[in-house]
Amino acid sequence: MISESRCPVAEGELAVRTGGEGPMLLLIPGGTGGADSLRALVKQLRTDHTVVTYDRRGHFASTDTTTGPVPVSLHADDALAVLDHVGAGPIPVFGTSAGAQIGLDLVARHPDRVSVLVAHEPPAVQLMPDATGWLEAANDQIRLARSGDLMGAVTRFADGIAGAALPDLPHLRLPNEADWLRLFDRELAEFFDYLPDLRALRRASTEIVPVAGEASRGRYHYQPAKILALELGLPFVEVPGAHLAPQRNAPKFAAALRELLASAQA
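The structure presented is a predicted model; accordingly, all values stated were derived computationally and were not measured.

Student: Explanation requested: the overall build of the chain in the structure shown.
Tutor: Across its full length, the chain carries 10 helices and 9 strands. Its C-alpha atoms give the chain a radius of gyration of 17 Å, within 12% of the compact-globule value 18 Å for 266 residues. Taken along the three principal axes of its C-alpha coordinates, the chain extends 50 × 40 × 35 Å. Taken across its 266 residues, the chain has 54% of its residues classed as buried.

Student: It is not clear to me how the packing of helix α4 (residues 131-146) against helix α5 (residues 150-159) should be interpreted in this structure. Could you clarify?
Tutor: In helix packing, the relevant descriptors are the interaxial angle and the interaxial distance, both defined with respect to the helix axes. Where α4 contacts α5, the axes come no closer than 7 Å and their chain directions differ by 155 degrees. Accordingly, the angle class assigned to the pair α4 and α5 is roughly antiparallel. In the packing of α4 onto α5, the handedness of the crossing is left-handed. Each of D140, Q141, L144 and A145 in α4 lies in contact with α5, whose residues at this interface are L150, G152, A153, R156 and F157. Residues of the contact of α4 with α5, tallied by class, amount to 5 nonpolar, 2 polar and 2 charged.

Student: Looking at this model, I keep getting lost on the pairing of strand β7 (residues 114-120). Mind explaining?
Tutor: Successive side chains on a regular strand alternate, one facing one side of the sheet and the next facing the other. When you tally the buried positions in β7, you get 6 out of 7 residues, the bulk of the element. Where strand β6 (residues 91-96) lies against β7, 5 bridges are found, and the strand directions are parallel. Paired with F94 across the two strands is V118, which belongs to β7. What joins β6 to β7 is helix α3 (residues 98-109), and the crossover it makes is right-handed. The pairing of β7 with strand β8 (residues 207-213) spans 5 bridges and is classified as parallel. What sits directly across from A119, in β8, is P210.

Student: Please clarify how α3 should be interpreted in this entry.
Tutor: Residues lying three or four places apart along an α-helix face the same way, a consequence of the helix completing one turn every 3.6 residues. If you check α3, its first and last C-alpha atoms are 17 Å apart, about what 12 residues at 1.5 Å a residue would give, namely 16 Å. Within α3, 11 of the 12 residues are buried, which leaves it mostly tucked inside the rest of the structure.

Student: Would you mind going over the side chain of E187 with me for this structure?
Tutor: For E187, the location among the structural elements is in helix α6 (residues 177-193). If near-sequence neighbours (up to four positions away) are discounted, E187 is found in contact with R56, R57, H59, V70, H75 and R182.

Student: Even after reading the chapter, I still don't get the pattern of salt bridges, so can you show me in this structure?
Tutor: When the charged atoms of two side chains with opposite charge come close together, those side chains can pair. Per the stated rule, a full pass over the model turns up 17 salt bridges. Two residues, R17 and D36, come together in a salt bridge whose shortest N-O distance is 2.6 Å. A residue pair is termed long-range when its members are at least 10 positions apart, and R17 in strand β2 (residues 12-20) and D36 in the loop between β3 (24-28) and α1 (39-45) qualify at 19 residues. Given a relative accessible area of 27%, R17 falls into the partly exposed group. Looking at D36, the relative accessible area reads 38%, which means it is partly exposed. For the salt bridge of R109 with D77, the shortest nitrogen-to-oxygen distance reads 3.0 Å.

Student: It is not clear to me how the nonpolar core should be interpreted in this structure. Could you clarify?
Tutor: Looking at soluble globular proteins, one finds that nonpolar side chains tend to be buried together. L26, Y54, V82, W180, F184 and L201 are the most contacted members of the largest nonpolar core, which has 61 residues in total. Those residues in contact with V82, other than ones at most four positions away along the chain, are C7, L14, V16, L26, V52 and Y54.

The rules behind each value
- Residues numbered from 1 in each chain as written.
- Predicted model: local features only at pLDDT ≥ 70, side-chain atom pairs only at ≥ 80, totals over all residues.
- Heavy atoms only, no water.
- Helix = DSSP H or I, 4+ residues; strand = E, 2+ residues; numbered from the N terminus.
- Rg over C-alpha atoms; globule rule 2.2 N^0.38 Å.
- Buried < 20%, exposed > 50% of the residue type's maximum accessible area, 1.4 Å probe, protein only.
- Axes fitted to C-alpha atoms, helices over the stretch in contact; angles between N-to-C directions.
- Parallel < 35°, antiparallel > 145°, perpendicular 65-115°, else oblique.
- Left-handed = near helix turned anticlockwise from the far one by under 90°.
- Contact = heavy atoms within 4.5 Å.
- Nonpolar A, V, L, I, M, F, W, Y, C, P; charged D, E, K, R; others polar.
- Pairing = 2+ DSSP bridges.
- Right-handed = clockwise from strand over helix to strand, strands pointing away.
- Expected span 1.5 Å × (residues − 1).
- Salt bridge = Lys/Arg side-chain N within 4 Å of Asp/Glu carboxyl O.
- Core = buried A, V, L, I, M, F, W, Y, C linked by side-chain atoms within 4.5 Å.

Here it is, written out as structure tokens:
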């Protein structure tokens, strides 16, 4: 059974979902920030974990009264608020894509609250030697979205992600337009500009596990996890599937995630 609650945060409120049995595990969504994007993964994990997830501020059922860019640090403050809301001590956290960036900032500033962080394909392009090109590509998508060509922005965004290309249909209707527009207008530049605090992460007591999908090799979202592992002196782990494996290949991904969590906590 899934219980729903509201978590107050600075200038907003988050829609939180909790369900399952066993030790607590927080999932931080990427993309357009919806808990529903991780629904298939939650279903797999809640047989042996009490799984907590939430809609990021301003997305879907969560609210936000701020204006302007939404920094990664504010998202991490929200994740901390969710931990307080559910009464969690140090627990494992899984973040995918933008959610992995949020998890890294959470650990850098509050390592005592996270026992293990599995960071799946964080778009930490600032770690890459060709960061400028990827930042320019993101800025091009932002300009398209702000000029009214939201579908064009989403198409370019999806084309860069392994396994995420949109179907070639002449009249494809984009679902959740407001959430996509918010991602491009207020969040994407912040996620791409964010450079993880390597010094703080090296000092953290948290077990950090940088991972990327085996089917993501050769894509921009594969390399940062590998570089992060090298910078932190940690093993880099490949997991099944591509960037959207938590959604599209949930059974295999959940099995791999369980193994990673068990190994990190052994």
